[in-house]
Amino acid sequence: MDSLKERLRNDLTASMRARDELRMSTLRMVLTTITTSEVAGATARELSDSEVLAVLTKEAKKRHEAADAFRYGGRNDRAEREEAEAGVIAEYLPAPLSDDELVAMVDAAVAETGASSPREMGAVMKVLQPRTAGRADGARVAAAVRTRLNA
């Protein structure tokens, strides 16, 4: 099975052949960010699929934030472009967790850690973060944990 990075490269080649400018520029940007992450630090290394997924999640979030900023500034054309780029990136991310799935995961993590008060939120988050990576925003997960522990 191809790695996520190989899939991105193959899709870039396909978008070049199809002359799909939006997809091509977005995939180039994402691959550049991945390469930058790989060479950052003391030694260069190949990112795992989970690390590539983290980069993609971060880039999608940047696009949504930029779109909001452009809309606030009255630049709807730029906001639409940023949203379109976020849409291309979202195709490579796992399906987001529904509210019911998130609540079930929070309940399981609370039971696993034995947490009973908001003071133990950190232990629950430590268990949940790897399980929800790329599928739910950290603030959304924290809010669900907070709600469950305060109930």
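This one's a predicted model, so the numbers in the text were calculated from it and none came from an experiment.

Cut-off values and rules
- Residues numbered from 1 in each chain as written.
- Predicted model: local features only at pLDDT ≥ 70, side-chain atom pairs only at ≥ 80, totals over all residues.
- Heavy atoms only, no water.
- Helix = DSSP H or I, 4+ residues; strand = E, 2+ residues; numbered from the N terminus.
- Buried < 20%, exposed > 50% of the residue type's maximum accessible area, 1.4 Å probe, protein only.
- Polar contact = N/O pair within 3.5 Å; in protein donor to acceptor, adjacent residues only side chain to side chain.
- Axes fitted to C-alpha atoms, helices over the stretch in contact; angles between N-to-C directions.
- Parallel < 35°, antiparallel > 145°, perpendicular 65-115°, else oblique.
- Left-handed = near helix turned anticlockwise from the far one by under 90°.
- Contact = heavy atoms within 4.5 Å.
- Expected span 1.5 Å × (residues − 1).

**Considerations on the environment of Thr147**
- By the element assignment, Thr147 lies in helix α7 (residues 138–150).
- Overall, Thr147 belongs to the exposed group, its relative accessible area being 57%.
- Separated by 41 residues in sequence, Thr147 and Val106 have C-alpha atoms that sit 9.9 Å apart.
- Separated by 2.8 Å, the side chain of Thr147 and the backbone oxygen of Ala143 make a polar contact.

**Here's the deal with the packing of helix α2 (residues 21–39) against helix α4 (residues 76–90)**
- Interhelical geometry of α2 versus α4 gives an angle of 70° and a closest axis separation of 10 Å. Relative to α4, the element α2 is oriented roughly perpendicular. In this structure, α2 meets α4 at a crossing whose hand is right-handed. Along the contact surface, α2 presents Glu21, Leu22, Arg23, Ser25, Thr26, Leu27, Met29 and Val30, while α4 presents Arg81, Ala84, Glu85, Val88 and Ile89.

**Brief notes about α4**
- With 15 residues, α4 should cover 21 Å at 1.5 Å per step; its first-to-last C-alpha distance of 21 Å lies within 8% of that length.
- Inspection of α4 places Ala79, Glu82, Glu85, Ala86, Val88 and Ile89 among the buried residues, and these make up the whole buried set.
- Contacts made by the buried residues of α4 are with α2 and α3 (49–72).

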